[in-house]
Amino acid sequence: MTGRVRALAALLLAAVCALVAGAGPAQAAGYRYWSFWERDGDHWTYATEGPSTARPADGEVQGFRFAVSEDSRDAIQPRGTASFTDICGTTAAGQGRKRLALVLDFGTQADAPSGQTPPEPRQVCARVPADATTAEALAAVAPPLRYDSAALLCAIAGYPAKGCGEQIADGAGTATKPTDAASGTASEADGRDGGPSVGLVAGGAVVLVLAGAAVWQARRRRHA
């Protein structure tokens, strides 16, 4: 390879390095949805099953938070540290019934759909049959609830008025929409744009250019 070709290769490789350095990972998408939580001691943990199947015992604390999150790993937990006693301390269970303390956090204005204002957070005590699910307790104290055709919980106490798990993204990233956003089932939101990266495209261009330069140089030598 002659000095001219080497110089050309060096310039192209420098350009590729600059492109790769400036091309960070695609921004991940987020979804605006209700997440489901359980109170474990003095902190919240993301629920491992959905409110439609969870059957908490008397005395448990569960919460819902409306926010924009990429997946369960970065989901925003309900605000507040109220205990079961704080919420249901004056409510008796009664024969064949149980008490469930529910923390309902409607989120902030930054996470609200356009034109809507989140209600103030609520802490309510649901007194329901002993075999009731969390969803049934929620329906008893915070109607109306709204679900989509896939049984995804879209609204609590009528909020938000419309929309359900819609994608919110400023970049080109993609995410897998939670199949049950308020179910506590960890969603896999690690997907990224399936197209080739800038570095891969640029690297391929370098290979093609260098190959062309080598062919040109070989032909030049043959005809010299």
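Preceding this section is the structure that the text describes.
To keep things clear, this report deals only with the structure shown in the data block.

Basis of the calculations
- Residues numbered from 1 in each chain as written.
- Predicted model: local features only at pLDDT ≥ 70, side-chain atom pairs only at ≥ 80, totals over all residues.
- Heavy atoms only, no water.
- Disulfide = S-S within 2.5 Å.
- Helix = DSSP H or I, 4+ residues; strand = E, 2+ residues; numbered from the N terminus.
- Buried < 20%, exposed > 50% of the residue type's maximum accessible area, 1.4 Å probe, protein only.
- Contact = heavy atoms within 4.5 Å.
- Pairing = 2+ DSSP bridges.
- Core = buried A, V, L, I, M, F, W, Y, C linked by side-chain atoms within 4.5 Å.
- Phe/Tyr/Trp six-rings, centres within 6.5 Å; stacked < 30°, edge-to-face > 60°.
- Lys NZ or Arg CZ within 6 Å of the ring centre and 35° of its normal.

This part takes up the state of the cysteines. One pass over the structure, following the stated rule, counts two disulfides. Here Cys88 connects covalently by a disulfide to Cys125, the sulfurs 2.1 Å from one another. Since a negative S-S torsion denotes a left-handed disulfide, the Cys88-Cys125 link at about 120 degrees is right-handed. Of this pair, Cys88 sits in helix 2 (residues 84–88) while Cys125 is found in strand 5 (residues 122–129), placing the two residues 37 residues apart along the sequence. Classification of Cys88 by relative accessible area gives buried; the value is 0%. Residue Cys125 is classed as partly exposed on the basis of its relative accessible area of 22%. The disulfide that involves Cys154 links it to Cys164, with 2.0 Å between the sulfurs.

One can find Pro56 in the loop between strand 2 (43–46) and strand 3 (60–69). Judged by its relative accessible area of 5%, Pro56 falls in the buried class. With 77 residues separating them along the chain, Pro56 and Thr133 place their C-alpha atoms 7.0 Å apart. For Pro56, the residues in contact, after removing those within four places along its chain, are Gln62, Lys98, Leu100, Ala132 and Thr134.

Turning to the pairing of strand 1 (residues 30–40), a few remarks are in order. Counting buried positions along strand 1 gives nine out of eleven residues, so the element sits mostly inside the fold. Of the pairings in the sheet, the one linking strand 1 to strand 8 (residues 167–168) comprises two bridges and is antiparallel in character. What sits directly across from Gly30, in strand 8, is Ile168. Pairing analysis gives eight bridges linking strand 1 to strand 3, with the strands arranged antiparallel. What sits directly across from Ser35, in strand 3, is Arg65. As paired elements, strand 1 and strand 2 share four bridges and run antiparallel to each other. The partner of Asp40 across the bridge, within strand 2, is His43. The hairpin formed by strand 1 and strand 2 contains two residues between the paired strands, and Gly41 there has a positive phi angle of roughly 70 degrees.

This part is about the nonpolar core. Within the largest apolar cluster, 22 residues are counted, with the highest numbers of intra-cluster contacts made by Trp34, Phe64, Leu102, Leu104, Leu138 and Ile156. Residue assignment for this core shows that the elements contributing at least two residues are strand 1, strand 3, strand 4 (97–105), strand 5 and helix 3 (134–141). Of all hydrophobic cores here, the second largest spans 13 residues; its members include Tyr31, Ala82, Phe84 and Ala101.

We describe a pair of aromatic rings using the distance from one ring centre to the other and the angle between the two ring planes. The final tally for this structure, using the stated rule, is six aromatic pairs. Between Trp34 and Phe66 the ring centres are 5.4 Å apart and the planes differ by 55 degrees, which places this aromatic pair in the tilted class. Of this pair, Trp34 sits in strand 1 while Phe66 sits in strand 3; the two residues are 32 residues apart in sequence, bridging distant segments of the chain. Relative accessible area serves as the criterion here: at 0%, Trp34 is assigned to the buried category. Of the residues examined, Phe66 reaches a relative accessible area of 1% and is grouped as buried. Each ring, one from Trp34 and one from Phe106, has its centre 5.4 Å from the other, and the planes form 85 degrees; the classification is edge-to-face. Of the two residues, Trp34 is situated in strand 1 and Phe106 in the loop between strand 4 and strand 5; the sequence distance between them amounts to 72 residues. In this structure, Trp34 and Phe106 share a single accessibility class: buried. A network of ring pairs unites the aromatic residues Trp34, Phe66, Phe106 and Tyr159 as a single cluster. Against the face of Trp44 rests Arg39, its NZ or CZ located 5.1 Å from the ring centre.

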